[in-house]
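Chains, contacts and geometry: an overview
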Amino acid sequence: MATVTLKLFALLGARLPPGSVANATSVAVGEGATVATLIAGFGLPDKDCHLVLVNGAFIPVDSRAATPVAEGDVVSIWPPIGGG
Amino acid sequence: MGWTGKFLRVDLSAGTVKVEDLNRDWARQYLGQRGLATKYYVAEVDPKVDPLSPANKMIFTTGPLTGTAASTGGRYSVVTKGPLTNCIACSNSGGFFGNELKNAGWDMVIVEGKSPKPVYLSIENETVEIRDASDYWGKSVWETEHGLKALHQDPLLRVASIGAAGERGVLYAGIINDLHRAAGRSGVGAVMGSKNLKAVTVRGTRGVRVKDPERFIAATIAQKQVLADNAVTGQGLPKYGTQVLMNVINEMGAMPTRNFSAVEFEGAHKISGEAMHEPRATDGKANLVTNGACFGCTIACGRISRMDPGHFSIASRPQYRDASGGVEYEAAWAMGSDCGVDDLEACTFANFMCNEHGFDPISFGSTLAAAMELYEMGALTKEQTGGVELKFGSAEALVKMAELVGKGEGFGLELGQGSRRFCAKYGHPELSMTVKGQEFPAYDPRGIQGMGLTYATSNRGACHLRSYTVASEVLGIPFKTDPLVTDGKAALVKAFQDATAAFDASGLCIFTTFAWGLENLAPQLDAACEGEWTPEHLLEVGERIWTIERQFNLAAGMTAQDDTLPKRLLKDAAKTGPAKGLTSGLDKMLPEYYQLRGWTPDGVPTAETLKRLELA
Ligand code: SF4
């Protein structure tokens, strides 16, 4: 088992456990966990996971299943957003 | 149609007002607002003009879709030569002023000369008068706006005014309309102050005519549906505003922190869009009260905030307890992360000051950040700051300096000269994070490479709103590109610059472009305006606008040497995050950019390019 930090921002923040601070929660993941299994395991709809960063680096949709997550990783996810 | 076909020429020196017909050929070539007003400006004003002299002119300008039923059709711009940059300045604002000006029957107001005493311009449809404003000189924007509404006995009067910052020569003073909407950048408020013009008031009831009303309404309804269906313009912006970016940019390690000495800010989440929704520990209420919309806008990204009444900045000042304009991302970054301040309430108060007294939060925050760095290295002393400890992270210093700059008092006037002049005065020009004299916005070009080229080539000095490649490099709109590479960025920047110029000429808000491209804008313009308006024509108009802005700057004395970034970004690599080890790759992008633009290696448009754009 490894522990990763999952950060859910903007409208996805509502899916965090109550009492989460700074939009973050710890998630225990098993052997062979990937970004895709983390998203599925947390019950996040794919269409809402528009921008996914692992330790700040962008992970394209088609790489999520092939991107492992390991102890200490920070996975940050946003729905479609804009700004300026 | 779309255009009213008429504009005002106001000579403040002579005290005269004239009505003139719009040049229709220029309207076809430059569309309106940023484009058409820039064409008039460059045709009439010597590029070498001192921006704060009576010989400079300023143009309040609308676009053909301003005041129509198109979503976000409330925009106006102010075009002039900027005192901060000595370049062309064009500052765009929302709210309700632009719509009102257009409905009064005017596409533009060209203001010339300098009044011998403080005045305001009163426009009520065809009745236009230059009136005495002595009673309002020295008053804040908020006092002026309330006072003029009371004087005219008209709560629906729309007012664009300056505060003491503009009167006293703060070089990044802005013009504020509707209490907290700003033509904020490049010092257009200082130009207004130099003319002794305190305010422009407008009441317009004439309506705006379009070419084919039935087709126009159908087009605007269809395009509003596109905005509503899009997750960004339909959900993200209304709920979080631009402030949703605070966590994004920080998480990806592109958050300029403490005057760009770091790329991640540990306090970012405390001043983020999400934090604005969270109940405060002190009073259990959230900073954000509601969102707000400009005229005709179906996105409504505006932030309306109410401060913690117990916060030190307002505990003894109940007049700041009402809800008012809250921080947008750029403001929260400049006065927050860039100064190392993680106090959302202090940033909100400083933002109130920017609106109350009329100055640009980006340039202010960025200049303060440079001053804090100078202070911490000992190049600036407590005696020189008027007794204030200008340390990174000090919310007290932020609050105090925001008031001093706004009122144009003491050390605030020094900070009001902007970061380039300020850092030069204190012996460290290299600490000024500016391009062409204008302060950077909230994206580190080491972590978002396209923004380095965007800043370096922006015609109004460092700016994110001239080509917002963050949309592509971070948010994946219209397609995702890698923020850490330079390949392809020259073409991306050029495409964004040209399309943005076309949107800025239309009368609509650039934030529609999270859902729309030129193919969404064109059918609305085509139904509203004479002539044929296709996406291809609009792109050509955008490129033409960009080119005449460039030509003006070159004639004003700028050269390719000015298309650069501070050494810190070119030589000092990012120390953390995904961009660790990277500097800005400007040298890899700039030659290709010149080539794509049809410019010489010295950044000058070739004769062939000018001919292609009907400029020679
Ligand atoms: S999107 Fe925001 S800034 Fe643009 S017009 Fe609407 S409310 Fe104003």
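Residues numbered from 1 in each chain as written. Chains lettered and ligands numbered in written order. Predicted model: local features only at pLDDT ≥ 70, side-chain atom pairs only at ≥ 80, totals over all residues. Heavy atoms only, no water.

Some remarks on the overall build of chain B
- Looking only at helices and strands, one finds 24 helices and 17 strands in chain B.
- Here chain B has a C-alpha radius of gyration of 22 Å; the compact-globule value for 616 residues is 25 Å, and the two agree.
- Principal axes of the C-alpha set define a box for chain B whose edges measure 60 × 55 × 50 Å.
- Considering chain B as a whole, with its 616 residues, one finds that 65% of them fall into the buried category. (Helix = DSSP H or I, 4+ residues; strand = E, 2+ residues; numbered from the N terminus. Rg over C-alpha atoms; globule rule 2.2 N^0.38 Å. Buried < 20%, exposed > 50% of the residue type's maximum accessible area, 1.4 Å probe, protein only.)

Brief notes about the packing of helix H19 (residues 489–506) of chain B against helix H21 (residues 535–556) of chain B
Residues and elements named next belong to chain B.
- At a minimum axis separation of 7 Å, H19 and H21 run at an interaxial angle of 95°. Put simply, H19 runs roughly perpendicular to H21. Taking contact as the criterion, the partners of Lys-494, Gln-497, Asp-498, Ala-499, Ala-501, Ala-502 and Ala-505 in H19 are, on H21, Leu-538, Leu-539, Gly-542, Glu-543, Ile-545 and Trp-546.
- A per-class count over the contact of H19 with H21 returns 8 nonpolar, 2 polar and 3 charged. (Axes fitted to C-alpha atoms, helices over the stretch in contact; angles between N-to-C directions. Parallel < 35°, antiparallel > 145°, perpendicular 65-115°, else oblique. Contact = heavy atoms within 4.5 Å. Nonpolar A, V, L, I, M, F, W, Y, C, P; charged D, E, K, R; others polar.)

Let's talk about the pattern of salt bridges
Residues and elements named next belong to chain B.
- Per the stated rule, a full pass over the model turns up 43 salt bridges over all chains.
- Note that Arg-9 is salt-bridged to Glu-112, the shortest N-O span being 2.5 Å. Residue Arg-9 is located in strand E1 (residues 6–11), and its partner Glu-112 is located in strand E6 (residues 108–112); the two are separated by 103 residues in the primary sequence.
- Look at Glu-112 and you get buried, because its relative accessible area is 14%.
- Taking the shortest distance from any N to any O, the salt bridge between Arg-258 and Glu-266 comes out at 2.4 Å.
- Each of Arg-9, Glu-20, Glu-44, Lys-57 and Glu-112 takes part in one network of salt bridges that share partners. (Salt bridge = Lys/Arg side-chain N within 4 Å of Asp/Glu carboxyl O.)

Quick word on empty space enclosed by the protein
All names here are of chain B.
- If you walk through the whole model with that rule in mind, you get 2 cavities of 30 Å³ or more.
- Looking at the largest cavity, its volume works out to about 90 Å³.
- Every residue lining the largest cavity is counted, 13 residues in all, and those nearest its centre are Arg-75, Cys-294, Cys-297, Cys-301 and Cys-509.
- Grouping the amino acids of the lining of the largest cavity by side-chain chemistry returns 8 nonpolar, 3 polar and 2 charged. (1 Å grid on protein atoms, 1.4 Å probe; cavity = no way out; pocket = protein on both sides within 12 Å on 5 of 7 lines; lining within 4 Å. Points joined across faces, edges and corners; volume = space filled by probe spheres on them.)

Considering the site of the ligand
- Around the ligand sit B:Thr72, B:Arg75, B:Arg181, B:Gly292, B:Ala293, B:Cys294, B:Cys297, B:Ile299, B:Ala300, B:Cys301, B:Cys509 and B:Phe511, and those are all the residues in its vicinity.
- The site holding the ligand turns out to be the largest cavity. (Near = heavy atom within 4 Å. Sits in = over half its atoms within 2 Å of the grid points.)

Description of the domain arrangement of chain B
Residues and elements named next belong to chain B.
- Examined at the domain level, chain B breaks down into domain 1 (6–203), domain 2 (242–251 + 257–432) and domain 3 (449–612).
- Of note, the centres of domain 1 and domain 3, computed from C-alpha atoms alone, are 26 Å apart.
- Domain 1 puts 37 residues into the contact, and the matching count from domain 3 is 38 residues.
- For the pair domain 1 and domain 3, the summed buried area comes to about 2900 Å², and 62% of that belongs to carbon and sulfur atoms.
- Taken as a group, Leu-31, Arg-34 and Leu-65 account for 27% of the area that domain 1 buries against domain 3, more than any other trio of residues on that side.
- For the pair domain 1 and domain 3, the number of links is 3 salt bridges.
- The partner of Asp-504 in a salt bridge is Arg-34, with the nearest N and O atoms 2.8 Å apart. (Domains from an automatic or database assignment. Buried area = accessible area lost by both parts, 1.4 Å probe.)

Concerning the pairing of strand E3 (residues 58–62) of chain B
Residues and elements named next belong to chain B.
- Judged by how many residues are buried, E3 sits mostly within the fold: 5 of 5 residues are covered.
- Of the two faces of E3, the one holding Met-58, Phe-60 and Thr-62 and the one holding Ile-59 and Thr-61 are both buried throughout.
- Direction of pairing for E3 relative to E6: antiparallel, over a ladder of 4 bridges. Residue pairing across strands places Met-58 opposite Val-111, the latter belonging to E6.
- Of the pairings in the sheet, the one linking E3 to strand E4 (residues 76–81) comprises 4 bridges and is antiparallel in character. Looking at E4, one finds that Phe-60 is bridged to Val-78. (Pairing = 2+ DSSP bridges.)

Concerning the interface of chain A and chain B
- Taken together, the 21 residues of chain A in the interface contact 29 residues of chain B.
- Summed over both partners, the interface of chain A with chain B comes to about 1900 Å²; 67% of that surface belongs to carbon and sulfur atoms.
- Its largest share of buried area at the contact with chain B, chain A owes to A:Ile81, A:Gly83 and A:Gly84, together 29% of the area lost on that side.
- As a salt-bridge pair, B:Glu251 and A:Lys7 come within 2.8 Å of each other at their nearest N and O atoms.

Observations regarding unusual backbone geometry
Residue and element names in this part refer to chain B.
- A cis amide bond, omega -5°, links Ile-477 with the succeeding residue Pro-478.
- One can find Pro-478 in the loop between helix H18 (470–473) and H19.
- The phi torsion at Asn-259 lies on the positive side, around 55°, for a residue other than glycine.
- Its location among the elements puts Asn-259 in the loop between helix H9 (245–251) and helix H10 (273–277).
- One non-glycine residue, Phe-260, adopts positive backbone phi at about 65°.
- By the secondary structure assignment, Phe-260 is in the loop between H9 and H10.

Some thoughts on the nonpolar core
Residues and elements named next belong to chain B.
- With 160 residues, the main nonpolar core has Ile-249, Phe-364, Leu-390 and Tyr-443 as its most contacted residues.
- The leading source of residues in this core is helix H13 (residues 361–376), at 9 residues.
- Membership of the second largest hydrophobic core comes to 28 residues, among which are Leu-8, Phe-97, Ile-123 and Val-188. (Core = buried A, V, L, I, M, F, W, Y, C linked by side-chain atoms within 4.5 Å.)

Topic: the sheet that holds E3(B)
All names here are of chain B.
- Strands sit in the order E2-E1-E6-E3-E4-E5 across an open sheet of 6 strands; the sheet is mixed. What marks the edges here is a single partner per strand, and that holds for strand E2 (16–21) and strand E5 (88–93). Here the average twist between neighbouring strands, direction ignored, is 20°.
- Its contacts with the sheet put helix H2 (residues 33–44) on E1, E2, E3, E4, E5 and E6, and the angle it makes with E4 is roughly 25°.

A look at the layout of surface pockets
All names here are of chain B.
- Within this model, the largest pocket holds a volume of roughly 910 Å³.
- Lining the largest pocket are 46 residues; nearest its centre among them are Arg-75, Asn-92, Arg-181, Ala-182 and Glu-328.
- Residue assignment for the lining of the largest pocket shows that the elements contributing at least two residues are E5, strand E11 (181–183), strand E14 (302–305), helix H11 (329–335), helix H12 (344–357) and H13.
- For the lining of the largest pocket, the element with the most residues is E5, which contributes 4 residues.
- Here the residues of the lining of the largest pocket sort into 19 nonpolar, 16 polar and 11 charged.
- Estimated volume of the second largest pocket: approximately 670 Å³.
- The wall of the second largest pocket is formed by 27 residues, among which His-269, Glu-274, Ala-275, Glu-278 and Pro-279 lie closest to the centre.
- Those elements giving two or more residues to the lining of the second largest pocket turn out to be helix H8 (231–240), H10 and H12.
- Tallied by class, residues from the lining of the second largest pocket come to 11 nonpolar, 8 polar and 8 charged.

Quick word on H13(B)
Residues and elements named next belong to chain B.
- Across its 16 residues, H13 extends 22 Å between first and last C-alpha, which sits within 8% of the 22 Å expected from 1.5 Å per residue.
- A large share of H13 lies buried, amounting to 15 of its 16 residues.
- Measuring from the side-chain oxygen of the N-cap residue of H13 to the backbone nitrogen of Ile-362 gives 2.9 Å; that N-cap residue is Asp-360.
- Two residues or fewer after H13 comes Gly-378, characterised by a positive phi angle close to 90°. (Expected span 1.5 Å × (residues − 1). Polar contact = N/O pair within 3.5 Å; in protein donor to acceptor, adjacent residues only side chain to side chain.)

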